[in-house]
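Here is how the chains run, residue by residue.
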Number of protein chains: 2
Amino acid sequence: MKFRRSERLIDMTHYLVEHPQELVSLTFFAERYGSAKSSISEDLAIVKDTFEQRGIGTLQTVPGAAGGVKFISKIDQDSAKAFIAELCQLMEHSDRLLPGGYLYMTDMLGTPRIVNQVGKLLAAAFSEKKIDLIMTVATKGIPIAHAAANYLNVPVVIVRRDSKVTEGSTVSINYVSGSSKRIQTMVLSKRSIREGANVLIIDDFMKAGGTINGMINLLDEFNANLAGIGVLVESENADERLVDEYVSLVKLKDVDVKEKSIKVVEGNYFSTSIPFL
Amino acid sequence: MKFRRSERLIDMTHYLVEHPQELVSLTFFAERYGSAKSSISEDLAIVKDTFEQRGIGTLQTVPGAAGGVKFISKIDQDSAKAFIAELCQLMEHSDRLLPGGYLYMTDMLGTPRIVNQVGKLLAAAFSEKKIDLIMTVATKGIPIAHAAANYLNVPVVIVRRDSKVTEGSTVSINYVSGSSKRIQTMVLSKRSIREGANVLIIDDFMKAGGTINGMINLLDEFNANLAGIGVLVESENADERLVDEYVSLVKLKDVDVKEKSIKVVEGNYFSTSIPFL
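Numbering of residues begins from 1 in every chain and follows the order in which that chain's sequence is written. Whichever chain is written first is A, and whichever ligand is written first is 1; the rest continue in order. Local features in this predicted model are restricted to residues whose pLDDT is 70 or higher, and side-chain atom pairs enter the listing and the counts only when it is 80 or higher, whereas totals over whole chains, interfaces and linings include all residues. Excluding hydrogens and water, the side-chain figures rest on all heavy atoms present in the structure.

Going by the annotation in an unreviewed UniProt entry, the name recorded for chain A is Pur operon repressor, with Falsibacillus albus given as the source organism. Under the Subunit (unreviewed entry) heading, UniProt states for chain A: "Homodimer." UniProt positions are given in the numbering used here, feature names are shortened, and annotations may be inferred rather than shown by experiment.

A.B. asks: Sorry if this is basic, but what is going on with the domain arrangement of chain A here?
C.D. replies: Residue and element names in this part refer to chain A. What the domain assignment reports for chain A is domain 1 (5–73) and domain 2 (77–266). Note that domain bounds follow an automatic or database assignment of domains. On a C-alpha basis, the centres of domain 1 and domain 2 stand 33 Å from each other. The partner domain 2 presents 7 residues to the 8 residues of domain 1 that form the contact. Carbon and sulfur atoms make up 40% of the surface buried where domain 1 meets domain 2, a total of about 580 Å² over both sides. Only heavy atoms enter the contact rule, under which two residues are in contact if any of them lie within 4.5 Å. Reported buried area values correspond to the accessible surface (1.4 Å probe) lost by two parts on association, with both partners' losses combined.

A.B. asks: I'm lost on the pairing of strand 11 (residues 225–235) of chain A in this one. Help?
C.D. replies: On a regular strand, each side chain points to the face opposite its neighbour's, so the side chains alternate between the two faces of the sheet. Residue and element names in this part refer to chain A. Working definition: with a 1.4 Å probe on protein chains only, accessible area under 20% of the residue-type maximum means buried, over 50% means exposed, and in between means partly exposed. Helix and strand assignments follow DSSP, with helices taken as H or I runs no shorter than four residues and strands as E runs no shorter than two, numbered in order from the N terminus. The element strand 11 is extensively covered by neighbouring structure, given that 9 of its 11 residues are classed as buried. Handedness is read with the strands pointing away from the viewer; a crossover is right-handed when the path from the first strand over the helix to the second is clockwise. Handedness of the crossover joining strand 10 (residues 198–206) and strand 11 through helix 7 (residues 210–221) is recorded here as right-handed. Any two strands with at least two DSSP-identified bridges between them are counted as paired. Sheet topology places strand 11 next to strand 12 (residues 247–256); 5 bridges connect them, and they run parallel. Paired with V231 across the strands is S248, a residue of strand 12.

A.B. asks: Looking at this model, I keep getting lost on the sheet that holds strand 8 (residues 225–235) of chain B. Mind explaining?
C.D. replies: Strand pairing in a sheet relies on backbone hydrogen bonds, with the paired strands running either antiparallel or parallel. Residues and elements named next belong to chain B. An order of 4-3-7-8-9-10 is seen for the 6 strands of this open sheet, with the pairing classed as mixed. Two strands bound the open sheet, and with one partner strand each, they are strand 4 (156–159) and strand 10 (261–266). Going across the sheet, the axis of each strand differs from the next one's by a mean of 25 degrees, ignoring polarity. Across 4 bridges, the pairing between strand 3 (residues 133–137) and strand 4 is parallel. Its bridge partner being in strand 4, V137 is matched across the sheet by V159. Think of each axis as a best-fit line through the C-alpha atoms, taken over the contacting stretch in the case of a helix, with angles from 0 to 180 degrees between the N-to-C directions. Across the sheet, helix 5 (residues 112–125) touches strand 7 (198–206), strand 8 and strand 9 (247–256), and the angle it forms with strand 9 is around 125 degrees.

A.B. asks: What exactly am I supposed to notice about the relation of the copies chain B and chain A here?
C.D. replies: The operation relating the two chain copies consists of a rotation about an axis and a shift along that axis. The fit set for superposing copies consists of C-alpha atoms from residues with pLDDT of at least 70 in both; the fit itself is least squares. Least-squares fitting of chain B to chain A yields an RMSD of 0.0 Å, with the superposition described by an axial translation of 0.0 Å and a rotation of 180 degrees. Taken together, the rotation angle and the small translation identify this as a two-fold axis. It is I10 of chain B whose C-alpha, among those of chain B, lies nearest the rotation axis, at 2.9 Å. Mapped onto chain A, 100% of the interface residues of chain B are again interface residues, and the two copies thus contact each other with one and the same surface.

Structural data, given as structure tokens:
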């Protein structure tokens, strides 16, 4: 069965977007559509141009016999700016304010459009680094970790507070939470990280960074490497930050419980060197 | 700026796939590409045909002034069969066997390709039902619940075992776990479900169905409706099933700890009335 160009472009777009960071050979597409490689090359040039123009991402061409194309999800700076501005506005709603000055964010972290966009921005920040897997901690970081993992096409491992029988043998560490100074425990399944893996840590919220620091210590136990840290929200009111290098989308600047006001601004996203489209 | 058909098809494919179950007007596309509505109609006909042929889904056309098109993610029966067979094979590996006859599935639930495909199959089963949100329970159900939510374009709420300050006021219930007969607690943020919402329950594993039954009781507390139940794995060794109507992808038939053998077969997926492509 032969496919027309229009059909090829539609299916290719879908295929590439569903297989980010994966090297796809021209032969694969040529056989899939019963087309000549030269036609596939032309198709891919059109796809690449359109992806870049429309802020979808880019196609990397790997030459040679073992070569092919790789879809890299990226974002343009304007779209990232607009989305982060929207996040700030969403988070500043006074009805998010909880007793103790905490913020209700559960609805945002349950909305696919927001979760995916957060994942896309965080993934874009690390799209040119070598990432083997993403690590997060239960519960609230899981959706954005998985969303970022979708764009980077890497597995996710979830650190837990308690050991469960379904995790098999585990490695556990104690750490001091940065803000409450309490000793806490973190547990990760022993077979979840291989030695030497390059790990990106993703979480929803970072105050002093105690939890993230705990995850870094856990990486040491596995002889794995820290490849980066990305958080949705960082809080400015941290006495002493335990973590230096990270990417944050927004920053919680101030919470005034009495006045019921919340101040949220851009995080450090645009001052780190994000490879924008 | 005017777009050529090839560029429109690429961008449209991406846009529709990223906005499932969302009514998009022809005017939206006409303005996006500076094209006549008649050209957009032709484009959409090509997209629809290709989506159906390639097992991506379908486009529903809603006529009239407020009309447009809606992308519905679906799957064809053969692809679903093949994926479920792959799941069975994956799960039968003897190194998944844990003390007590439990199964290690954490790696599968951390792999984007598997998680997305599980979500796609579960979403396809409910693609023609009215679903307002998906409910799951922490921790292992979260990735597949979010994956299904991506295809249905609905929010996810996560039931927890413990109450956390960041959830605000909560509703909590006690329930009896079906297999261990222990009394357990379930907590859900009060503002997470509105009255009358149609809720799809998604979980990774169902034995007697105690946990899912607990979630159904929780729905009553919110005056919400149960719209369906979808699980990745059901276990056959349940004395007494507390839940009748559900969709399962695979069924854990037998675990022999001594022989180190695991038997996994197709769930009830193909005997329920899935609206396949």
